[in-house]
Amino acid sequence: MILKNTDKNVEILISNELFKKLSTYGINEFPNEFGGFLIGYYSNDFKTLTISDTILPKVYTGTPCLFQRSIKGIQKSFKEFYERKPNQYYVGEWHTHPNGSTQYSSTDLQAMTNIVNCETVRITNPILLIISTNKTDVNNFRFYLYENGELLPFM
Ligand SMILES: [Zn+2]
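Residue numbers restart at each chain and count upward from 1, following the sequence in its written direction. Local features in this predicted model are restricted to residues whose pLDDT is 70 or higher, and side-chain atom pairs enter the listing and the counts only when it is 80 or higher, whereas totals over whole chains, interfaces and linings include all residues. Excluded from the side-chain calculation are hydrogens and water; included are all heavy atoms of the structure.

## Section: the coordination of the zinc ion
The condition that has to hold: Donor atoms (N, O, S) are those found within 2.8 Å of the metal centre, with the cutoff raised to 3.2 Å for Na, K and Ca; water is not part of the atom list, so apparent gaps in a site can occur. A four-donor site is classed as tetrahedral when every donor-metal-donor angle falls between 85 and 135 degrees; four donors are called square planar, and six octahedral, when trans pairs exceed 155 degrees and all remaining angles lie between 65 and 115, with any other arrangement labelled irregular. For the exposure calls, accessible area comes from a 1.4 Å probe over protein chains only, and a residue counts as buried if that area is under 20% of its type's maximum, exposed if over 50%, partly exposed in between.
Surrounding the zinc ion are the protein donor atoms His95 (NE2), His97 (NE2), Asp108 (OD) and Asp108 (OD), at 2.1 to 2.6 Å. Given four donor atoms and angles of 54 to 162 degrees at the metal, the environment of the zinc ion is assigned as irregular. Mapping the donors of the zinc ion onto the primary sequence yields the spacing H-x1-H-x10-D. The same class applies to histidine 95 and to histidine 97, which are both buried.

In structure tokens, the structure reads:
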């Protein structure tokens, strides 16, 4: 499927298969939040971002209204991934909102700001995907593009 961000004239491409995979990971943790890292690549003109994979955290806190992932123990996963697919890299984050909306929280916005300010991560426009789920299914989802302290939604 294709999602467009009209503010920035960029679009996101994600396969139904990968989206289903993320949703299933999330639903399996219901009623707690769950999520991970998004991997992908931009087209040559930087107008299309293809989300190609996810890496799941090994260390995380997931409660019904909070998800915090750590990068502990996943450096190896990233390294192996980059060796296998050198043109793909970390592009952002995803997490679920069990029985919640697809609106980001102030904690979510702060977490994205921290990522951009992190010196070891060289990324200025990370993506955030929020998937609202119930016990068995996806209610709704939304992608956001982080820019200068704001999260701009994709439609
Ligand atoms: Zn959230």
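## Let's talk about helix α3 (residues 106-117)
In an α-helix, one turn spans 3.6 residues, which is why side chains three or four residues apart end up on the same side. Note the threshold: A run of H or I in DSSP becomes a helix once it reaches four residues, and a run of E becomes a strand once it reaches two; helices and strands are each numbered from the N terminus. The span you would expect from a helix comes to 1.5 Å times its residue count less one. Think of it as the arc spanned by the lines of direction from the helix axis to the C-beta atoms. In what follows, a contact means two residues having at least one pair of non-hydrogen atoms within 4.5 Å.
Taking 1.5 Å of rise per residue, twelve residues should cover 16 Å, and α3 covers 16 Å from first to last C-alpha, within 8% of that figure. Buried within α3 we find Asp108, Met112, Thr113 and Ile115. Buried residues in α3, looked at end-on, bunch into an arc of 155 degrees, giving them a common side. Exposed side of α3, more than 90 degrees from the buried face: Ser106 and Asn117 are the residues found there. Next to the buried residues of α3 lie β6 (66-69), β7 (89-98), β8 (127-133), β9 (138-147) and β10 (150-153).

## Quick notes on the pattern of salt bridges
Note the cut-off: Here, a salt bridge means any Lys or Arg side-chain nitrogen found within 4 Å of an Asp or Glu carboxyl oxygen.
What the rule picks out here adds up to six salt bridges. Between aspartate 53 and lysine 21 there is a salt bridge, and its shortest N-O distance comes to 3.7 Å. Residue aspartate 53 is found in strand β4 (residues 48-55), and its partner lysine 21 is found in helix α1 (residues 16-28); the two are separated by 32 residues along the sequence. A salt bridge links glutamate 93 to arginine 69; the nearest nitrogen and oxygen atoms lie 2.8 Å apart. Linking glutamate 93 in strand β7 with arginine 69 in strand β6, this pair joins segments that are 24 residues apart in sequence. The exposure class assigned to arginine 69 is partly exposed, which follows from its relative accessible area of 24%.

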